[in-house]
Amino acid sequence: MESRVVLLLNDLLHYADGSERTLRLIWLNPDNSGAAVIDIHDPRAWPVFTTTIQLVDDVMFGHARLLKDDPLAVVAGDHQLSNARKAARDRAWKIIAPLVRNEPAIFLSRSRGPLVSDACQLHRVPHQTVYSYLRRYWQRALSINALLFDWDRCGAKGASRGSNPAVKRGRPRKFDIGDGVNVNDDIRKVFRIAIHRYYLKGKRYSLADAYHTMIKDFFCDKDVDPDTGRVVHRYRLGLEPAGDLTSESGKYTKPTLVQFRYWYERDNQLFDIKRRRIGEKNYDKDMRGYIGTSNAEVWGPGARFQIDATIADVYLVSRLKRDRIIGRPVLYIVIDVFSRMIVGLSVGLEGPSWVGGMLALANAAEDKVNYCKRFGIQIEPEDWPCHHLPAILLGDRGEIESRYIDTLANNYRVTIENTASYRADWKGVVEQRFRLLPAKFKPYVPGYVEPDFRQRGVRDYRLDAVLDLEQFTEILIADILYYNNHHELRTYDKDRDLIADEVLAVPSDLWDWGIRNRSGCLRTYPIEGIRFHLLPTAQATVTEKGIRYDGSYYICEMALKERWLDRARQRGHWRVPISFDPRDREMIFLHYATDFQGFVPCSLTDRSRADRQISEWEIGQGRADIAARSAKHQAKQTLAKADLSAHIEEVVLRAQSQVPLSAESNLARTSKIRKNRAEERQRIADKEAFGAGISQDRKVQDNVIPLRQTASDMYSEPDITEMLTRNSQDEPSSKSDS
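Read on for an overview of the structure. Note that the structure is predicted; figures quoted are calculated from it, not measured.

### With respect to the sheet that holds strand S18 (residues 546-549)
In space, the six strands of this closed barrel follow the order S17-S18-S19-S22-S21-S20, with antiparallel pairing throughout. Adjacent strand axes in the sheet meet at a mean angle of 45° when their direction is disregarded. Here three bridges tie strand S20 (residues 574-580) to strand S21 (residues 587-591), and the two strands are oriented antiparallel to one another. Residue Phe 580 lies in a different strand from S21, and its bridge partner there is Ile 588. Against the sheet, helix H18 (residues 527-534) makes contact with S20, S21 and strand S22 (599-604), and its axis sits at roughly 85° relative to S22, the strand it touches most.

### Let's talk about a nonpolar patch on the surface
Taken together, Leu 644, Ile 648 and Val 652 make up a surface patch of nonpolar side chains, about 250 Å² in accessible area. Look at Val 652 and you get partly exposed, because its relative accessible area is 38%.

### Quick word on the pairing of strand S14 (residues 342-348)
When you tally the buried positions in S14, you get seven out of seven residues, the bulk of the element. As judged from the six bridges shared by strand S13 (residues 330-336) and S14, these two strands associate in the antiparallel manner. Residue pairing for S14: Ile 333 is matched across the bridge by Leu 345. Between S13 and the antiparallel strand that follows it, S14, lie five residues; Arg 340 among them carries a positive phi value of about 65°.

### Some points on the packing of helix H5 (residues 185-197) against helix H6 (residues 207-218)
It is the contact of H5 with H6, at a shortest axis distance of 9 Å, that shows an interaxial angle of 120°. One element, H5, and the other, H6, form an angle in the oblique class. Viewed along their axes, H5 and H6 form a crossing whose handedness is right-handed. The segment H5 lies against H6, with Val 190, Phe 191, Ile 193, Ala 194, Ile 195 and Arg 197 engaging Leu 207, Met 214 and Phe 218.

### What about the side chain of Ser 346?
Along the polypeptide, Ser 346 turns up in strand S14. A relative accessible area of 5% places Ser 346 in the buried class. Once residues lying within four places of it in the same chain are set aside, the contact partners of Ser 346 are Val 330, Leu 331, Tyr 332, Gly 356, Leu 359, Ala 360 and Arg 583.

### Observations concerning the nonpolar core
The nonpolar side chains of a soluble globular protein tend to be buried, and buried together. Val 343, Leu 345, Trp 384 and Ile 477 are the most contacted members of the largest nonpolar core, which has 60 residues in total. Those residues in contact with Trp 384 that lie beyond four places of it in its chain are Ile 342, Val 343, Leu 345, Lys 368, Cys 372, Ile 379, Ile 477, Ile 480, Leu 481 and Asn 484.

### Re the pattern of salt bridges
For the coordinates displayed, the defined rule picks out 15 salt bridges. Close ionic contact of Glu 488 with Arg 490 constitutes a salt bridge, the shortest N to O distance being 4.0 Å. With a closest N to O distance of 2.3 Å, Arg 683 and Glu 680 form a salt bridge. Taken together, the positions of Arg 683 and Glu 680, both in helix H23 (residues 673-688) and three residues apart, correspond to about one turn of that helix. Linked by salt bridges that have partners in common, Asp 185, Arg 188, Arg 192 and Asp 267 make up one network.

### So, the side chain of Arg 136
With respect to the helices and strands, the residue Arg 136 is situated in helix H4 (residues 127-139). Classification of Arg 136 as buried rests on a relative accessible area of 18%. Within polar-contact distance, the side chain of Arg 136 engages the backbone oxygen of Leu 147 at 3.5 Å. Here Arg 136 is in contact with Ala 146, Leu 147, Leu 148 and Phe 149, once residues within four sequence places are set aside.

### Looking at the sheet that holds strand S3 (residues 34-39)
Paired through backbone hydrogen bonds, the strands of a sheet run either parallel or antiparallel to each other. Taken together, the five strands give an open sheet; going across it, the order is S4-S3-S2-S1-S5, and neighbouring strands pair in antiparallel fashion. What marks the edges here is a single partner per strand, and that holds for strand S4 (48-51) and strand S5 (64-66). The sheet shows a mean angle of 40° between the axes of neighbouring strands, taken without regard to direction. When strand S1 (residues 12-15) meets S5, the two strands line up antiparallel, connected through three bridges. Within the sheet, the bridge partner assigned to Leu 13 lies in S5 and is Leu 66. Where helix H1 (residues 52-60) meets the sheet, its contacts fall on S1, strand S2 (22-28), S3, S4 and S5, and the angle it forms with S4 comes to roughly 75°.

### Things to note about the packing of aromatic side chains
Here the structure, examined in full by the defined rule, presents 16 aromatic pairs. Aromatic side chains Trp 46 and Tyr 131 sit 5.2 Å apart centroid to centroid with 80° between the ring planes, which places their arrangement in the edge-to-face category. With Trp 46 in the loop between S3 and S4 and Tyr 131 in helix H4, this residue pair connects regions lying 85 residues apart in the sequence. With a relative accessible area of 27%, Trp 46 lands in the partly exposed category. Here Phe 49 and Phe 107 contribute two aromatic rings whose centre-to-centre distance is 6.2 Å and whose plane-to-plane angle is 75°, an arrangement assigned as edge-to-face. Placement of Phe 49 in strand S4 and of Phe 107 in the loop between helix H2 (83-100) and helix H3 (109-123) is noted, with a sequence separation of 58 residues between them. One aromatic cluster is present, built from ring pairs that chain together Trp 27, Phe 49, Phe 107 and Trp 138. Its guanidinium or amino end placed over the ring of Trp 46, Arg 112 lies 4.4 Å from that ring's centre, counting from NZ or CZ.

### So, the pairing of S18
Remember that side chains alternate between the two faces of the sheet whenever the strand is regular. In terms of strand pairing, strand S17 (residues 537-543) meets S18 through three bridges, oriented antiparallel. Looking at the pairing, Thr 543 lines up with Gly 546 of S18. Taking the residues between adjacent antiparallel strands as the criterion, S17 and S18 are bridged by two residues. Pairing geometry for S18 and strand S19 (residues 552-555), over three bridges, is antiparallel. Residue pairing in the sheet places Ile 547 in a bridge with Tyr 554 of S19. Connecting the antiparallel pair S18 and S19 is a turn made up of two residues, with Asp 550 showing a positive phi of about 55°.

Reading guide: rules and limits
Residues numbered from 1 in each chain as written. Predicted model: local features only at pLDDT ≥ 70, side-chain atom pairs only at ≥ 80, totals over all residues. Heavy atoms only, no water. Pairing = 2+ DSSP bridges. Helix = DSSP H or I, 4+ residues; strand = E, 2+ residues; numbered from the N terminus. Axes fitted to C-alpha atoms, helices over the stretch in contact; angles between N-to-C directions. Contact = heavy atoms within 4.5 Å. Patch = residues over 30% accessible without salt bridge, like charges linked within 9 Å, V, L, I, M, F, W, Y side chains within 5 Å. Areas by Shrake-Rupley, 256 points an atom, 1.4 Å probe, with all protein chains shown as cover. Salt bridge = Lys/Arg side-chain N within 4 Å of Asp/Glu carboxyl O. Buried < 20%, exposed > 50% of the residue type's maximum accessible area, 1.4 Å probe, protein only. Parallel < 35°, antiparallel > 145°, perpendicular 65-115°, else oblique. Left-handed = near helix turned anticlockwise from the far one by under 90°. Core = buried A, V, L, I, M, F, W, Y, C linked by side-chain atoms within 4.5 Å. Polar contact = N/O pair within 3.5 Å; in protein donor to acceptor, adjacent residues only side chain to side chain. Phe/Tyr/Trp six-rings, centres within 6.5 Å; stacked < 30°, edge-to-face > 60°. Lys NZ or Arg CZ within 6 Å of the ring centre and 35° of its normal.

Shown next as structure tokens:
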């Protein structure tokens, strides 16, 4: 047996019998025998009495069906309504409230008339107003909000107005010449052309510039001034390609900037216009909305590291010469996405590149206790427990897209991800750290660059620089230790497990919780091998003084054992591949395939002792200083050399003038060289003897036995003629002995 249909107050019955009526049940007899209904779509409808049985039968036999959705129900919160709309609604309800409560008399036409008349006299409103209020109340779901006026439908919002060419829309002008012009379809077409031709070209054109260029090109004629020969523009009179721009008074007319701006906003998608003006990449990076989160892409510590670089807003000085300002350092940060823990850093003077990025990544895999110890900071392992490589590394194309990245991926199973160009928002976690870290130390660091840098009257912050690179790194390490262990991330979006375990959003707490509950992503490798594969490579030369790279000499036990230096001196130099750390040139790594590690460390020799414990940049700076001083000394050296040449020439000329003309032959002169040499030696000996300057009366008279004089008591080496003469004298005796 079919269930009986139960009708309720405010039900809608739609009849599909050709009449397409929709009746609302607005009253039920207490004994459920009679009812009153009204057609909700008929603007002249009034309540009609019927029986409940008739309505139920219409539904049961398919003549009508009950509607679930009410098309005329008005549901609005008071906070969404303006005060004027609420005041008009309340006034209408005050007028009809006594009437609608008088049921069923208000439904009968003979009793409705006197009730409406009394209300009109009481509230001083016309009959038609009361009837419209009653009809709206009954047709729109019997609620007080049914009396809200449809002001949102007034004015034909978004629709274009029709215009009479002879009548100007809008208020009359007060100051401008002419009556103005109605913007028709032709003028709107010109507006669209001007927007695409001028405004969308780039940032050079403002909207006002595009308007003025449009007026010049489309609403003006060009004439040549016969007196000056210059091109002048005059407003065009008469019919235009854009329509009739001439008013009845004959004065020129043109569209105004206000009209141009209005139709620009009406006919264009403003966000698409802005996207095209500033470029898709910049718009997507700085202006687009976003609903995603980095935490949704990771499951624990080490799942993904993000790496990025920035130029720190601090000017530094040189360690070698502290009065020399060396500029701003480049800071690299590696951060774990899950915990926001800073796991690695690199501070250098090289521009953002693969070298700086890989040094930061090598630092991420390095033991932090030993690293901090190099800067005089004592920490415990739990203060910075990060010495791992990630499963995924996300960075810029500049640092990550390199020929060295295959080594990292193949040897350590790290998946490399590159962001698109100009899309720093794809690694927003590490980008946010660059704003957070300087906030901790900038009040205390001299040389920090404020936003008003280079403005007139502001002190030059570069002159305040006192920190060197090592001291700035020490401050950064202390800053990172504070951030990792104490800084609370108030905007960190936790998942359900973190909330259940009441984990505080501090990086170290998030890291520890992730290690205990979601480990498996972190990987530990020997730091020497990681450094070797991540450090930049170069070619060194094996010489007799050591393995030379960039002017410094290195040596290793293997090179000494295999006699590389001896071979280089006897057979010539050769080149070998190396890896090096630009931050510390005290050691290089020689590529050597036969070693099980693939490399051999080489240390500086004593010849290059001046290069110990300083960076590559500082070595280059020192050599540049030497070269600069040498260049300055070159002029003085050149003048001194000229003076030396002049003095030598003077002495030679003087000597030439003292040589007398000799009547002896050349043979006679050369045959006396030995005798002359002996006499000259004796003369020099007498002159330079220790007692040559002592007077005779001061000499001590002793009985001295003289030594036996030899043929030659001089100890100078013989010249070539003496040696040849001696050999010729010895030859006869040698022959006789034989």
